[in-house]
Every structure is written in C-alpha cells, then in structure tokens.
Number of protein chains: 2
Amino acid sequence: MAVEPVTTSRRERVRAATIDEIKQTALDLMREQETTDIRFTDIARGMGMTAPALYRYFGDRNELLTHLITDAFADLGACIAAAREAVPADDIGGRWVASASAYRDWARSRPQQFALVLGMPVPGYAAPDEGPTTQAAKQAMHELEELFISAATSGRLGAPLVRHASAAMAVCAEDKHPQLEGVVPPETFQAMLQAWASLHGVTSLEAHGHLDWLQPEARDALFLSQVEMIATAAGLPAPKAGYGQPLPKGDGSTDA
Amino acid sequence: MAVEPVTTSRRERVRAATIDEIKQTALDLMREQETTDIRFTDIARGMGMTAPALYRYFGDRNELLTHLITDAFADLGACIAAAREAVPADDIGGRWVASASAYRDWARSRPQQFALVLGMPVPGYAAPDEGPTTQAAKQAMHELEELFISAATSGRLGAPLVRHASAAMAVCAEDKHPQLEGVVPPETFQAMLQAWASLHGVTSLEAHGHLDWLQPEARDALFLSQVEMIATAAGLPAPKAGYGQPLPKGDGSTDA
DNA sequence: TAACGTGTGTGATGCTAAATAACGCAACTG
DNA sequence: CAGTTGCGTTATTTAGCATCACACACGTTA
C-alpha cells in the first residue's frame, strides 16, 4: 500500500467523486419519484447546481442512463455473489436459496433500477449497439451460473425434471461454455436457463406490482415455494436448513 | 337483428371510429419506433391532423395510454382464450401448451404492448388508483386460471411438485376463489401462480431481448422445455401430441 | 331556404426540459 | 504573476405537452 502520488491527480479524484454524486442523486430521485424518467434539471438542483453543468460529465441523458445500467448490473451481481458466499460452499441448496433471495431483495429494494436493467429501458433511450447492457447482463447471470457449475463439477447436481435438450440447445451450451463439455450436459444448461427465467418471472411480477393483491406473507410464501420448485426441477439439492426461512438477506449495502 | 335507428347516433359512430384510428395509429408508431413513448404530434401527423385535435378524444396522454393498456389486456386475454379453445377440451396438456405459446407469441409480436401491460409503464405515466390496469390484469390471467380450474374439477390435475402451501397462501386462495374451496387446494393455487410466473419469466426475458444471444431454434427449445417443466411441476398432464411442436399459433389477428 | 348550435379541427400561445453556446471564475503550472 | 485548463453560470434554441380562442361543417329547426 505504498503512496502512489501521481497515478490519480487531485482533479481526477474530485471529478470521479462528482460523477458518483450525480449518479447517486439520480438514483435517489428515481426512488423518490418512483420512475426511471429523471430530469437533468432535478439532478442538478438536488446537487445545488444547474443543468448544463452535468454535460461536463455526461454527454447526454442517454450516457448517464447507460452508466446507471451498467452500475446496476454490477451491483446486482455483487449482491448475488455476496449472498451466495455467505453460505458454506458445501450447502449448494442453501446457496441457491440465498442467491435467489438476493435477486428478489435487490429487485424489491430498487424497483426502478430493476426496471432499468431487466425491463424495458426508458423511452427515448437507445441502447448502444453491442451495448454494455447485454454484456453486463451476462456477467450478472454468471453469478447464477457459478452455482450450477460448482454443483455440477462437485457431482451434487441431480438430473433436471426435463431430461432432454434439443440439438440447438446443445450447440448454444457448448458455444457458451466450451470448457464444460462433458461436465455440464445440455439439459443441465437448459435447466439453468429455466431456473433463471422462472426466478426472473416471479421477481419481475412482484417488482412491477402485479402480485400486490396477495398478502405480503403470501408473496413471501409464493417466492419461497417458487425457489423450491425451481431447485427441484433443476436438480439442485435441498438446502441444509430447509426451505423455511429466507436466510440472511442481502440488503442494499453495495449500492452503486 | 332489427334496425335500431337511434341507439347510436351517426356522430357517435364516427367518433368511435376516430378513437379507434387514434389508438391504432399509436400502436403502429410504437411498433415502428420500438418504444412505448409516443408523441401526440406524431400520432396526429400520421392521421393527417394536428395535435390539439386529439384532446377532443382523450383528455391527455395518460388517458390514451390507459386505454391502450386495457385494450392490450383484453387482446392478450382473447388471444390466450382463442388458442386454448382451439384444442379439444379433454386435452388439458395441449391446451396448456397452446395457451402458453399464445402468451409468448403475443409478447413477441407486440413487444411494446407487452411492456405496456406487464413491464414498467411509460415514464411520467401514473396509473389511476384502483386502476383499470390492475383489474384488467386479473381478467387476462383468468384465462390461465380457467385451464387449471377445469383441469382440477375434471380430476385430471395431478399433485404439484411442491406439495405444501403456507397458511397465508391458503387464505389468499380462498379469498380469491371462495367457490373453489375443496376443489382447488391451496398448493394447486400456488402451483398456478408459479406457472404464471415462470411462463412470464421466460417470455419477458425473450421479449426484452435478454435471450438474443441464443439461436432462434434454441430459444424455441428453451421455451418448450420451460412449458414442459412448468406443466410437470404444476401437475398438468402431458399434451396428447407431445411437447414436440408449438401447435397452431395464436398469431396477431385479434389486435386491439 | 335560412338561421342556429353542437361537434370538430386549426393556428397561436405558454410551459417545461433537453441540449448548446458564450462567457466568467478558480485552481494548478511554470 | 501570467497562461492554461477545467468547471459552472446565464442566455438561447429546440421540441413536445397542453390550453385557448376562433373557424368550419354538419344536422337541426323555424
């Protein structure tokens, strides 16, 4: 930890801090106003500045949103990873429940950011081609893949409920994970995608308010039973503590 | 079919046609521009009118969007129902595959409308309290419920993969379907919600482009295997034709 | 046939917010 | 102490939502 005097100039550090403050203010406004449609004017006023000043830091509104999206992906991935690592490595089922709960809690505690990354982006927002969003989405999902890969390599992954996979699926699996040929069969790859989709489905419905007619306890119960269903269908072992309680929550501490 | 001269005046009919044209133009623009953020100016120009004229028909942009949302719900429900009814009533599994495929096809063929009803609404759009959207969402989902209810009442619904449901879930189930107490046990109600969530998940990921990295054939395979997984987990019988082909597609003929 | 009234569309106008331009200020540099 | 660079400000332009006052057209009524 030697002092490196010139790697980052003072100006650069101040600038980085300002950028962070802009992004944080934008997120705060999103939560306050319950929308992803934030105004440069409001962000600036929230910081005691005027709108044009923000253009020194972001070329336009799209650029700010793109940064928020990539940050959100990284944060989601970090939350999932943290929740997973908080459970002993030999408790695959426990790690699955922890990861899934982190996914849900992240979405519930930041519905706007969730919409930003996994819903339809803000109107007028055009994702850059070969966008950071796509790449970052893969990275976030990789945290879930990690779980399946370690389960498979340690031989603790049972056969999925759907035991057949098409040739196209096998090609895609091999294309995506060439190093896992033979270790993770196509139907397991398929089951992993199913798990992601099902987890995303229940999370998405809840985050967007489509389950509001259920009592909160019933929503919790639905989520846990969904997690159990997914695990069973994917061949993941049961958690050692059972499916009773949501485990330590990965709440919003790693916020972008 | 007697001629009823005065029930709807000529003016009223012309007005209704104009309203339909406005909504259709708005939907066309959404598809063209691939966004839910449509401008009154553009709608008007597309009809050879000017923007202020639209305010004769809709109080403001929100009101138009609300109508589009409720229409979309009705259309989604109609597509699902049509696909379901196209399969013999005794082929529960076939009806499930048809319904799920209709759900997917509807979302794929109208990604903007899908985002409108089941994603996060347009920025700046505030859903009316006790909104038509919530009520219409229930109605659309009822088309899926219908399947489970008829399966259960005819005794062709097996036990779900997750055989236990919490007390809160049981309360909600009874609260929602008081007439089905005893016929549809809480764990089946829970399994139905799981099925909806899982179906929505894979559909949502695909509609929003998060599965674009898969080959189209692999996406089809993933969807079908997901449908099979859901059916198995929910206790629905297998379709008589097997899970091989997507069945007659409920494509976009009932458009709003 | 002529006057009237309702429904409908238009141009003019206000407002808000994104984005740009031109200018002033402060901090570091030699 | 002067020059450079980066940051922030006050105009200004542009675009779109929403409202207003006015004009036209159609159907009705005298």
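Note that the coordinates shown come from a computational prediction; the quantities given were computed from them, not determined experimentally. (Residues numbered from 1 in each chain as written. Chains lettered and ligands numbered in written order. Predicted model: local features only at pLDDT ≥ 70, side-chain atom pairs only at ≥ 80, totals over all residues. Heavy atoms only, no water.)

Novice: Explain the interface of chain A and chain B here, please?
Specialist: The parts lose accessible area when they come together, and the size of an interface is often stated as this lost area. Opposite the 50 residues of chain A that make contact, chain B presents 50 residues. Summed over both partners, the interface of chain A with chain B comes to about 4,200 Å²; 77% of that surface belongs to carbon and sulfur atoms. The tally of links from chain A across to chain B stands at zero salt bridges. For the side of chain A that touches chain B, the secondary structure elements donating two or more residues are α6 (111-118), α7 (132-153), α8 (167-176), α9 (186-207) and α10 (216-234) of chain A. Counting residues per element, the side of chain A that touches chain B draws most heavily on α9 of chain A, at twelve residues. For the side of chain A that touches chain B, the residue count by class is 27 nonpolar, 18 polar and five charged. (Contact = heavy atoms within 4.5 Å. Buried area = accessible area lost by both parts, 1.4 Å probe. Salt bridge = Lys/Arg side-chain N within 4 Å of Asp/Glu carboxyl O. Helix = DSSP H or I, 4+ residues; strand = E, 2+ residues; numbered from the N terminus. Nonpolar A, V, L, I, M, F, W, Y, C, P; charged D, E, K, R; others polar.)

Novice: Is there a simple way to explain the pattern of salt bridges in this structure?
Specialist: Two side chains carrying opposite charge are able to pair once their charged atoms lie near each other. The full count for this structure, using the stated rule, is 31 salt bridges over all chains. Across the salt bridge formed by Glu 85 of chain A and Arg 84 of chain A, the nearest N and O atoms sit 2.5 Å from each other. Residue Glu 85 of chain A is classed as partly exposed on the basis of its relative accessible area, which comes to 48%. Residue class for Arg 84 of chain A comes out buried when judged on its relative accessible area of 5%. Linking Arg 61 of chain B and Asp 37 of chain B is a salt bridge whose minimum nitrogen-to-oxygen distance equals 2.4 Å. With a gap of 24 residues between them, Arg 61 of chain B in helix α4 (residues 61-85) and Asp 37 of chain B in the loop between α1 (10-33) and α2 (40-46) connect regions that are remote in the sequence. (Buried < 20%, exposed > 50% of the residue type's maximum accessible area, 1.4 Å probe, protein only.)

Novice: Whenever I open this one, the environment of Ala 26 of chain B confuses me. Can you help?
Specialist: All names here are of chain B. Looking at the element boundaries, Ala 26 is found in helix α1. Using a relative accessible area of 0% as the deciding quantity, one classes Ala 26 as buried. Sequence separation between Ala 26 and Gly 46 is 20 residues, and the spatial gap between their C-alpha atoms is 8.9 Å. Look past the residues within four positions of Ala 26 in its chain and what remains in contact with it is Ile 38, Ile 43 and Leu 68.

Novice: I keep staring at the protein's contact with DNA strand D and nothing clicks. Help me out?
Specialist: Within the structure, DNA strand D sits among 18 residues, and Arg 15, Thr 50, Arg 56 and Tyr 57 of chain A together with Arg 39 of chain B are positioned closest to it. If you look at DNA strand D and keep only atoms within 4 Å of the protein, 67% of those are sugar or phosphate atoms. One nitrogen or oxygen atom from the side chain of Arg 56 of chain A is found 2.3 Å from a base oxygen belonging to DNA strand D. Taken together, the elements giving at least two residues each to the surface near DNA strand D come down to α1 (10-33) and α3 (51-54) of chain A together with α2 of chain B. Partitioned by chemical class, the residues of the surface near DNA strand D number eight nonpolar, three polar and seven charged. (Near = heavy atom within 4 Å. Polar contact = N/O pair within 3.5 Å; in protein donor to acceptor, adjacent residues only side chain to side chain.)

Novice: Just to check I follow, could you spell out the relation of the copies chain A and chain B for this structure?
Specialist: The operation relating the two chain copies consists of a rotation about an axis and a shift along that axis. Take chain A, turn it by 180°, move it 0.0 Å along the axis, and it overlays chain B with an RMSD of 0.1 Å. Taken together, these values place the two copies in the relation of a two-fold axis. Rotation axis and chain A: the residue whose C-alpha lies nearest the axis is Gly 201 of chain A, separated from it by 1.7 Å. A share of 100% of interface residues in chain A that are also interface residues in chain B marks the association as one of identical surfaces. (Least-squares fit on C-alpha atoms with pLDDT ≥ 70 in both.)

Novice: Please explain α1 of chain A as it appears in this structure.
Specialist: Structural remark: α-helix, 3.6 residues per turn; residues separated by three or four positions point the same way. Residues and elements named next belong to chain A. Here α1 spans 34 Å end to end across 24 residues, near enough to the 34 Å set by a 1.5 Å rise per residue. Within α1, burial applies to Thr 18, Ile 22, Lys 23, Thr 25, Ala 26, Leu 27, Leu 29 and Met 30. Of the residues flanking the end of α1, it is Glu 34, one or two places downstream, whose phi is positive at about 55°. (Expected span 1.5 Å × (residues − 1).)

Novice: Whenever I open this one, the protein's contact with DNA strand C confuses me. Can you help?
Specialist: Around DNA strand C, a shell composed of 18 residues is seen, among which Arg 39 of chain A together with Arg 15, Thr 50, Arg 56 and Tyr 57 of chain B lie nearest. The separation between a phosphate oxygen of DNA strand C and a polar side-chain atom of Arg 15 of chain B is 2.7 Å. One of the side-chain N or O atoms of Tyr 57 of chain B is found 2.7 Å from a phosphate oxygen in DNA strand C. Looking at the surface near DNA strand C, the elements that each hand over two or more residues are α1 and α2 (40-46) of chain A together with α1 and α3 (51-54) of chain B.

Novice: Hey, could you run me through the packing of α1 of chain B against α4 of chain B in this one?
Specialist: Packed helix pairs are specified by the crossing angle of their axes together with the interaxial distance, meaning the distance between the axes. Residue and element names in this part refer to chain B. With their axes 11 Å apart at the nearest point, α1 and α4 run at an angle of 85° to one another. One element, α1, and the other, α4, form an angle in the roughly perpendicular class. Two secondary-structure elements touch here, α1 through Ile 22, Lys 23, Ala 26, Leu 27 and Met 30 and α4 through Leu 64, Leu 65, His 67, Leu 68 and Asp 71. Here the contact of α1 with α4 is built from residues that sort into seven nonpolar, one polar and two charged. (Axes fitted to C-alpha atoms, helices over the stretch in contact; angles between N-to-C directions. Parallel < 35°, antiparallel > 145°, perpendicular 65-115°, else oblique.)

Novice: Just checking my understanding: could you explain the confidence of the model for chain A for this structure?
Specialist: Detailed reading of predicted coordinates is not advised where the pLDDT is low. Taken over all residues, the pLDDT of chain A has a mean of 85, while the share at 70 or more is 84%. Here residues 247-256 of chain A is a poorly scored stretch, pLDDT under 50, and it has 21 contacts once near neighbours within four places are set aside; other chains count. (pLDDT = per-residue confidence, 0-100.)

Novice: How should the packing of aromatic side chains be read in this particular structure?
Specialist: We describe a pair of aromatic rings using the distance from one ring centre to the other and the angle between the two ring planes. One pass over the full model with this rule turns up four aromatic pairs over all chains. For the ring pair Tyr 103 of chain B and Phe 114 of chain B, a centre distance of 6.4 Å and an interplane angle of 85° mean the geometry is edge-to-face. Of this pair, Tyr 103 of chain B sits in helix α5 (residues 92-109) while Phe 114 of chain B sits in helix α6 (residues 111-118), placing them eleven residues apart in sequence. Judged on exposure class, the residue Tyr 103 of chain B and its partner Phe 114 of chain B are both buried. If you follow Lys 176 of chain A out to its NZ or CZ, it ends over the ring of Trp 213 of chain B, 4.9 Å from the centre. (Phe/Tyr/Trp six-rings, centres within 6.5 Å; stacked < 30°, edge-to-face > 60°. Lys NZ or Arg CZ within 6 Å of the ring centre and 35° of its normal.)

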